[in-house]
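The residues making up each chain are set out below.
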Amino acid sequence: MSTDLDDGAVDGDDTVRVWLVERTYGDDELNIVILVYADETGEHYFRKERALTSFDDERETPVSLLVPADELGTTDEGERERYAAEATRMAADHDPDEHV
């Protein structure tokens, strides 16, 4: 399977390294935390939801994930620059297997 994503971000299994760029609370459910990960181009993102109570246990939040390319969304133009800057910063400051 081929992908049109930046070749530098895609490994041989068509997975893409994405970095944590945003954490927010769900609008209608205050017990949901939304984690947004993006590639370093800022063009593609992966959204993950976690129950706020899951942060109380020993489960940590990874700074990056390898995500199948077909599970990524396309970022709105208004978010791309911000996501690219934050993903690039996270990649420079953290090893891929670190947690926050």
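Preceding this section is the structure that the text describes.
These numbers come from a predicted model, not from an experiment. (Residues numbered from 1 in each chain as written. Predicted model: local features only at pLDDT ≥ 70, side-chain atom pairs only at ≥ 80, totals over all residues. Heavy atoms only, no water.)

K.L.:
Would you take a moment to explain the overall build of the protein chain for this structure?
P.N.:
When its secondary structure is counted, the protein chain shows 1 helix and 5 strands. Scanning the protein chain from its N terminus toward the C terminus, one meets helices and strands in the order β-β-β-β-β-α. Every one of the 100 residues in the protein chain was classed for burial, and the buried ones make up 38%. Considering only contacts within the protein chain whose residues lie at least 6 apart along the sequence, 59% involve residues at least 24 apart. With an accessible surface of roughly 6,300 Å², the protein chain has 43% of that area assigned to carbon and sulfur atoms. (Helix = DSSP H or I, 4+ residues; strand = E, 2+ residues; numbered from the N terminus. Buried < 20%, exposed > 50% of the residue type's maximum accessible area, 1.4 Å probe, protein only. Contact = heavy atoms within 4.5 Å. Areas by Shrake-Rupley, 256 points an atom, 1.4 Å probe, with all protein chains shown as cover.)

K.L.:
Explain the layout of surface pockets to me, please; I cannot follow it from the model alone.
P.N.:
A water-sized probe rolled over the atoms picks out the places where empty space is left. Here the largest pocket defines a volume of roughly 250 Å³. Forming the boundary of the largest pocket are 14 residues, of which Glu-22, Val-36, Tyr-45, Arg-47 and Tyr-83 lie nearest the centre. Contributing elements (two or more residues each) for the lining of the largest pocket: β1 (15-25), β2 (32-38), β3 (44-51) and α1 (77-93). Top element by residues in the lining of the largest pocket is β1. It accounts for 3 residues. Of the residues that constitute the lining of the largest pocket, the class distribution is 5 nonpolar, 4 polar and 5 charged. (1 Å grid on protein atoms, 1.4 Å probe; cavity = no way out; pocket = protein on both sides within 12 Å on 5 of 7 lines; lining within 4 Å. Points joined across faces, edges and corners; volume = space filled by probe spheres on them. Nonpolar A, V, L, I, M, F, W, Y, C, P; charged D, E, K, R; others polar.)

Scope: geometric values only; no functional claims are made or implied.
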